[in-house]
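The lines below spell out each chain.
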Number of protein chains: 2
Amino acid sequence: MKNLDADNVTEAVVASFRRTRDERLRRILESLVRHLHGFAREVRLTPAEWKAAIDFLYAAGRISDERRNEFVLASDVLGLSALVDLLNRPEGATESSELGPFYNPDSPWVPLGADIVRGAAGGERVLVRGRVTDTAGRAIAGALLDFWQAAPSGLYPAQDPAQPADNLRGRMRTDEQGRYAFVTVKPGPYTVPYDGPVGALLRAGGRDAWRPAHFHFIVSADGHVPVVTELFPADDPHLEKDAVFGVRASLVFRYVRHETAEAAAPYLVEPPFYSVDFDFRLAPA
Amino acid sequence: MKNLDADNVTEAVVASFRRTRDERLRRILESLVRHLHGFAREVRLTPAEWKAAIDFLYAAGRISDERRNEFVLASDVLGLSALVDLLNRPEGATESSELGPFYNPDSPWVPLGADIVRGAAGGERVLVRGRVTDTAGRAIAGALLDFWQAAPSGLYPAQDPAQPADNLRGRMRTDEQGRYAFVTVKPGPYTVPYDGPVGALLRAGGRDAWRPAHFHFIVSADGHVPVVTELFPADDPHLEKDAVFGVRASLVFRYVRHETAEAAAPYLVEPPFYSVDFDFRLAPA
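The present account deals with the structure reproduced in this document. (Residues numbered from 1 in each chain as written. Chains lettered and ligands numbered in written order. Predicted model: local features only at pLDDT ≥ 70, side-chain atom pairs only at ≥ 80, totals over all residues.)

Looking only at helices and strands, chain A features 6 helices and 13 strands. Along the first, second and third principal axes, the C-alpha atoms of chain A reach 80 × 40 × 30 Å. A total of 285 residues make up chain A; the buried ones form 43% of that total. (Helix = DSSP H or I, 4+ residues; strand = E, 2+ residues; numbered from the N terminus. Buried ≥ 20, exposed ≤ 12 C-beta atoms within 10 Å, placed from the backbone.)

Written out as structure tokens, the structure is:
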């Protein structure tokens, strides 16, 4: 290790991990070291550029807390989160998409058809409904849906003192036919947080910070692979340039407008309102 | 961007940076995205493994502060810092090595030959001396040496309430012949900080956290490329397994033992003592 040079240092680092007990971890570290070094070598990274990268990570750490994770955001805007989703999609299941930084695991339990608007949010009313099935199309009764969304303003409750903390989110179990349904308002599009190092990166890169409007879901059931995903309205102007690469064609829906209360049956929502029909498919575990 | 898959997502992310105004930054981001994605694709990174990587970065942010930078340490143990040094060495100059986390830019100015031991440190006395020259061997008068080291215990003042804050460090200018000299004690080897996520990584990897003993230097002069480097004693037991890959054969010295005060002339140190003779070479800027 005394005669390291720019060519042999990579093998020395890989060798330093040779006693890693977990074989999967050893393989991951070896690949990480080779690609990290390959990057530095390819661009001939300078000490000043290395320092800028360290400062980026340090600043990301400073701005992160229990409610905001800048490292997740960095992974999102670099497309790593999307790639991991795309590499791991179980055959035949609903496609997955970003978890995002606003998931809160303690959403209130609500009954089938519940109205999840807990404050005066304004906006257009929406009935979201569908079924949870396995990949063969068989209903899954008692599947758990955990859902959350931004208000029409584009703000989540965690960002907006005007909203109750449990606004626009809930947990629900499907009925015997695998059905779920809730009443809400159309979410608005928004920009990812722009005040940290990731925002500076997006600006330097001449990139847009917009995300199209979306509903978030985690759908799970015993014996099946859970799906973390998002649904996007087809009429959103930001659909083609999502800052975090979360859009999938199979996750895009159309709002259908209704003028009569009967169209909502058996659920309750005053006309005019929109409906979203989307079925989730879970693969066997 | 609606039809992303595990193959085309990388090009979509690269394309998102096409408006980056700084051409060098655009090239770096493109290479970073390709290598980051290449890594995830090669190991087929799972969501749980991605989450573990995010948690590592988040924990590194939590434990970092003005006095400790866990991201620098992560770069060091992954050999990235060493690679950047090795890629950027100016022809004919002294080799560079890690800055490390204990550099403090406000070290006191001291005269040529100063004793930099400001507390009762114990340990064996050392006279460190030499010259600063250009790559043609011509003396550089007025070159700035900024130096710091751990105590014989292996602790830096920032880690050790028993040491004065400015113990074992100083700033000095070379004389007309390019000479520098200071009197100190032998630094001890130590382990890199082991209580954070990098420590957990080293343990999981079956790796040693030891660094061989060393003196730190930043040597600079007008019109020359500054050198950040370390000097290592040849008798250190950890020389072959430095946790941060900082050792270079050209930076290893031998302590020479002296039994008489005359051997220190014109500087002052009581026998017995050791001397280290090391000349620094700076490349033109």
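Following the structure, the description resumes.
Below, the discussion takes up the interface of chain A and chain B. Chain A puts 71 residues into the contact, and the matching count from chain B is 71 residues. Counting only elements with at least two residues in the side of chain A that touches chain B, the list comes to α1 (9–16), α2 (23–43), α3 (47–63), α4 (70–77) and α5 (80–87) of chain A. Top element by residues in the side of chain A that touches chain B is α2 of chain A. It accounts for 16 residues. Of the residues contributing to the side of chain A that touches chain B, the split by class is 38 nonpolar, 17 polar and 16 charged. (Contact = placed C-beta atoms within 7 Å. Nonpolar A, V, L, I, M, F, W, Y, C, P; charged D, E, K, R; others polar.)

Attention now goes to the relation of the copies chain A and chain B. Between chain A and chain B, the superposition needs a rotation of 180° and an axial shift of 0.0 Å, giving an RMSD of 0.1 Å. Here the transformation between the copies is reduced to the relation of a two-fold axis. Relative to the rotation axis, the closest C-alpha in chain A is found at glycine 61 of chain A, a distance of 1.9 Å. (Least-squares fit on C-alpha atoms with pLDDT ≥ 70 in both.)

Looking now at the sheet that holds strand β10 (residues 252–253) of chain B. Residue and element names in this part refer to chain B. In spatial order, the strands read β4-β3-β8-β9-β10; together these 5 strands make up an open sheet with mixed pairing. Pairing within the sheet leaves two strands with one partner each, and these edge strands are β4 (169–173) and β10. Relative to β4, strand β3 (residues 144–149) is paired through 5 bridges, and the arrangement is antiparallel. Opposite aspartate 146, over in β4, you have arginine 171 as the bridge partner. (Pairing = 2+ DSSP bridges.)

So, about the sheet that holds strand β4 (residues 169–173) of chain A. Residue and element names in this part refer to chain A. Read from one edge of the open sheet, 5 strands run β4-β3-β8-β9-β10, paired in mixed fashion. This sheet does not close on itself; its edge strands, each paired only once, are β4 and β10 (252–253). Examined bridge by bridge, strand β8 (residues 215–220) and strand β9 (residues 227–233) share 5 bridges and lie antiparallel to one another. Within β9, the position partnered with valine 219 by the bridge is valine 227.

Here helix α3 (residues 47–63) of chain B contains 17 residues, and its C-alpha end-to-end distance of 24 Å stays within 8% of the 24 Å for a straight helix at 1.5 Å per residue. Those residues of α3 of chain B that are buried lie in contact with α3, α4 and α5 of chain A together with α4 (70–77) and α6 (197–204) of chain B. (Expected span 1.5 Å × (residues − 1).)

Before going further, it helps to spend a moment on α5 of chain A. The buried count for α5 of chain A comes to 7 of 8 residues, which makes it a mostly enclosed element. Within α5 of chain A, burial applies to Leu80, Ser81, Ala82, Leu83, Val84, Asp85 and Leu86 of chain A. Residues of α5 of chain A that are buried make contact with α4 of chain A together with α1 (9–16), α2 (23–43) and α3 of chain B.

Turning our eyes to something else, we now look at the packing of α5 of chain A against α2 of chain B. In the contact formed by α5 of chain A and α2 of chain B, the axes pass within 10 Å of each other and the chain directions differ by 25°. Taken together, the axes of α5 of chain A and α2 of chain B lie roughly parallel to each other. Read as a crossing pair, α5 of chain A and α2 of chain B show a hand that is right-handed. Taking contact as the criterion, the partners of Leu80, Leu83, Val84 and Leu87 of chain A in α5 of chain A are, on α2 of chain B, Leu36, His37, Ala40 and Arg41 of chain B. (Axes fitted to C-alpha atoms, helices over the stretch in contact; angles between N-to-C directions. Parallel < 35°, antiparallel > 145°, perpendicular 65-115°, else oblique. Left-handed = near helix turned anticlockwise from the far one by under 90°.)

Below, the discussion takes up the pairing of β9 of chain A. All names here are of chain A. The element β9 is largely enclosed, with a buried count of 6 among its 7 residues. In terms of strand pairing, β9 meets β10 through 2 bridges, oriented parallel. By the bridge assignment for β10, phenylalanine 232 is matched with valine 252.

Turning to the nonpolar core, a few remarks are in order. Counting 65 residues, the largest nonpolar core has Val77 of chain A together with Val77 of chain B as its most contacted members. Contact partners of valine 77 of chain B, with chain neighbours within four places excluded, come to Val198, Leu201, Leu202, Ala243 and Val244 of chain B. Grouped together as the second largest cluster of nonpolar side chains are 40 residues, Ala143, Val183, Phe273 and Phe280 of chain A included. (Core = buried A, V, L, I, M, F, W, Y, C linked by C-beta atoms within 7 Å.)

What follows deals with unusual backbone geometry. Residue proline 266 of chain B is bonded to the preceding alanine 265 of chain B through a cis peptide linkage, with omega at 0°. Looking at where proline 266 of chain B falls in the secondary structure, it is placed in the loop between β11 (256–258) and β12 (273–277). With an omega dihedral of -5°, the bond running from proline 271 of chain B to proline 272 of chain B counts as a cis peptide bond. Assignment of secondary structure puts proline 272 of chain B in the loop between β11 and β12. The phi dihedral of leucine 168 of chain A falls on the positive side, at around 60°, and the residue is not glycine. Here leucine 168 of chain A lies in the loop between β3 (144–149) and β4. A count of 27 C-beta atoms within 10 Å places leucine 168 of chain A in the buried class. With phi around 60°, phenylalanine 245 of chain B is a residue other than glycine that occupies positive phi space. Here phenylalanine 245 of chain B lies in the loop between β9 (227–233) and β10. Residue classification places phenylalanine 245 of chain B among the buried residues on the basis of 25 C-beta atoms within 10 Å.

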